[in-house]
Amino acid sequence: MGMTIAEKILARASGKSKVEPGDYVVGKIDLAMVHDLTGPLTLNVLKEIGYDRPWDPRKIVIILDHQVPANSTVTASLHQQLREYANKYGTNFHDVGRQGVCHQILAESYVKPGMLVVGADSHTCTLGALGSFATGIGSTEMASVFLTGELWFRVPETIRFELKGTLKQGVSAKDIILYIIGKMGVDGALYCATEFTGEGVERLSIDSRLTICNMAIEMGGKTGIVNPDAKTLEYTKCDSCEILRSDKDAEYQRTIEVVLEDLVPQVSLPHSVDNVKPVSEVEGIEVDQVFIGSCTNGRLEDLEAAAKILHGRKVKEGTRLIVIPASPSVYIEAERRGYIKTFIEAGSVVCNPNCGPCLGGHMGILADGEVCVSTSNRNFIGRMGSPKSKVYLVSPETAAATAVEGKLTDPLKYVRS
Amino acid sequence: MSAIKGKVWLFGDNIDTDVILPGKYLVLTDPNELAKHALEGLVQDFYKKISKGDIIVAGKNFGCGSSREHAPLALKYAGVGAVVAESFSRIFFRNSINIGLPAVISKGARGIIKENEHISIHLDEGYILRENGEKLPIERYPDFLLEILKDGGLLQNLKRKFARRGEV
């Protein structure tokens, strides 16, 4: 019996030739990431232990992304603690000017196929799109990783999603993953690795694969993962890394087929991510704010899709559009291609790369009773501000069309025209 | 470990980290301050209403959402003695044990245990004892997880290990 890519990476990292679901292994960590909200707790734990020298500073990445530049003296002090630790030991550090959404920074500059990656952020599963095993952990166990370079894992069962065919125009990766979560439920993949395979995935860009793996956690998944191919190797500039892929006779907990041609734009309604419907069934909901960005949809491809719809049009009066590129390189390329100008001319605000209003920290917090259509990944009660606000999760195409009309809008008519 | 005894607070399925501890409080690092906002999304002033050692009994997928350790920390410092659920999101499960708050899986318990009932959890023996004497089975932890809980959390566990190496 063969192994899945998730099993192969955990076997490699724990020095075993074979592992099976349910095995407990101790894996050597290739990359460990904290950000400005989870990192300070890790440092507190190290302080408490009385020993804070990292096992290998080259494998630690500290990224300011949640509230950056600092929006209060409290946040400023958190940034200061991380800055001091990074300087003391020479870890990788993304300060103001090199900051950006942590998972995008890791994808662009650090992650290689086959790596075992942990991040003190639940959306670390995003990086599985590059053929790594990447998962979120807490701040205390991150302290343990900083000191030892190791962590225990229970080898997960893998659920395989076989994507067939091609998406229709105006339908994108976000619609695929929202559709899947709607079918699976928020705990449908609890503790499991979720592997996305098939010609449908092979045809998708790396940006799209990152969007899909990003939301594996929203169905309880331990990680999302895509077998590396030529696109992965090019994106990660990977000349010499060891390529691990699932065996043909690997065992899966189950396999679910998704036919991409059949998909239409999807929306996740408040207050649960699996509350998914086709946008066409709930069009017309009045919207106060639209957010395009986040670790789910703040990449170049997302901004391109939104800019195509917004080009030459205006954001509806009474609706606010906030656009946030996920990283400095996304920002620069979006500027070069004219997307940033398009957004500003349409009447939106473009902020510096960071998480923005996704988790209600700053840059667009919602008031009582407000409705936000967002390309981010969570619509829990109070996620983006007031517990009395509502968040609808959509693709960048749907978000852009919604901004133009001021109400939830199916984007298909905009891409066809 | 000695038994964990307390009064029961019942909750439903998919209790997420944003209602356990809303994102706007993530800049707080003092657990006693976090405690004041525990479960704010569902029960106002939860920290004033609970008695030390009270036990949360919930449905499936407790703690889904973010990796924020602030969520179990807020519960623990508000006075919660343990969380019993049908299932946990995996990051919450790890975090909870790592900060010394027992996250106990007991299939079917949510449908049997009553609100405000007094129960005791016997981790070593592997059961929950109800007021009426009924015993409900719980999933046993692997030894290394039980060891972390016995130490009071991963921090204490690491302190002990690193002190042994003479590195603290």
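Residues numbered from 1 in each chain as written. Chains lettered and ligands numbered in written order. Predicted model: local features only at pLDDT ≥ 70, side-chain atom pairs only at ≥ 80, totals over all residues. Heavy atoms only, no water.

Caption draft 1: Broad picture of helix H4 (residues 70–78) of chain B. Residues and elements named next belong to chain B. Of all 9 residues in H4, 7 are buried, a share of seventy percent or more. For H4, the complete set of buried residues consists of His70, Ala71, Pro72, Leu73, Ala74, Leu75 and Ala78. Looking one or two residues past H4, Gly79 carries a phi angle of roughly 120°, positive in sign. (Buried < 20%, exposed > 50% of the residue type's maximum accessible area, 1.4 Å probe, protein only. Helix = DSSP H or I, 4+ residues; strand = E, 2+ residues; numbered from the N terminus.)

Caption draft 2: Fine view of the nonpolar core. Formed by 106 residues in total, the largest nonpolar core has its most connected members in B:Phe46, B:Ile56, B:Phe62, B:Leu75 and B:Ile121. For this core, the element with the highest residue contribution is helix H1 (residues 5–13) of chain A, accounting for 6 residues. Sequence-distant contacts of B:Phe62, defined by excluding residues within four places in its chain, comprise B:Ile15, B:Ile20, B:Ile56, B:Leu75, B:Val83, B:Ala85, B:Ser87, B:Phe88, B:Ser89 and B:Phe92. (Core = buried A, V, L, I, M, F, W, Y, C linked by side-chain atoms within 4.5 Å. Contact = heavy atoms within 4.5 Å.)

Caption draft 3: Here's a closer look at the pattern of salt bridges. All names here are of chain A. Per the stated rule, a full pass over the model turns up 30 salt bridges over all chains. Two residues, Arg320 and Glu370, come together in a salt bridge whose shortest N-O distance is 3.0 Å. Residue Arg320 is found in strand E15 (residues 320–323), and its partner Glu370 is found in the loop between strand E16 (349–350) and strand E17 (371–374); the two are separated by 50 residues along the sequence. Each of Glu304, Lys308, Glu333, Arg336 and Arg337 takes part in a single network of salt bridges with overlapping partners. (Salt bridge = Lys/Arg side-chain N within 4 Å of Asp/Glu carboxyl O.)

Caption draft 4: Quick peek at the sheet that holds strand E2 (residues 55–58) of chain B. Residue and element names in this part refer to chain B. One open sheet accounts for 7 strands, arranged E4-E3-E2-E1-E5-E6-E7; its pairing is mixed. The open sheet terminates on both sides in strands that have one partner only, identified here as strand E4 (103–105) and strand E7 (135–137). Recorded for the sheet is a direction-independent mean angle of 30° between the axes of neighbouring strands. When strand E3 (residues 82–85) meets E4, the two strands line up parallel, connected through 3 bridges. Along E4, the bridge assignment pairs Val83 with Ala103. (Pairing = 2+ DSSP bridges. Axes fitted to C-alpha atoms, helices over the stretch in contact; angles between N-to-C directions.)

Caption draft 5: Representation of the interface of chain A and chain B in the model. Taken residue by residue, the interface counts 43 residues in chain A and 41 residues in chain B. Approximately 3700 Å² of surface area, both sides summed, lies buried where chain A meets chain B, with 63% of it carried by carbon and sulfur atoms. Summed over the shared surface of chain A and chain B, the number is 4 salt bridges. The salt bridge partner of B:Asp18 is A:Arg383, with a shortest N-O separation of 3.1 Å. For the side of chain A that touches chain B, the secondary-structure elements that each account for two or more residues are helix H2 (39–49), helix H3 (73–89), strand E6 (133–136), helix H5 (139–148) and strand E7 (150–154) of chain A. Among the residues forming the side of chain A that touches chain B, the class breakdown is 22 nonpolar, 14 polar and 7 charged. (Buried area = accessible area lost by both parts, 1.4 Å probe. Nonpolar A, V, L, I, M, F, W, Y, C, P; charged D, E, K, R; others polar.)

Caption draft 6: Spatial organisation of the pairing of E15(A). Residues and elements named next belong to chain A. Where strand E14 (residues 289–292) lies against E15, 4 bridges are found, and the strand directions are parallel. Across the sheet, the residue bridging to Phe291 is Ile322, located in E15. Sheet topology places E15 next to E16; 2 bridges connect them, and they run parallel. For Val323, the partnering residue across the bridge sits in E16 and is Val350.

Caption draft 7: Geometry of the domain arrangement of chain A. Residues and elements named next belong to chain A. Per the domain assignment, the segments of chain A are domain 1 (5–240 + 248–259) and domain 2 (269–416). Just the C-alpha atoms count here: the centres of domain 1 and domain 2 sit 24 Å apart. Facing 39 residues of domain 1, the contacting portion of domain 2 comprises 40 residues. Regarding the contact of domain 1 and domain 2, the summed buried area is about 2900 Å², with carbon and sulfur atoms giving 55% of it. Counting across the interface, domain 1 meets domain 2 through 1 salt bridge. The partner of Glu218 in a salt bridge is Arg378, with the nearest N and O atoms 3.1 Å apart. The interface formed by domain 1 and domain 2 includes 24 residue pairs in polar contact (both at pLDDT 80 or more). Where the side of domain 1 that touches domain 2 is concerned, the elements lending two or more residues are helix H4 (102–109), helix H6 (173–184) and helix H8 (206–214). Across the side of domain 1 that touches domain 2, the residue classes break down as 13 nonpolar, 19 polar and 7 charged. (Domains from an automatic or database assignment. Polar contact = N/O pair within 3.5 Å; in protein donor to acceptor, adjacent residues only side chain to side chain.)

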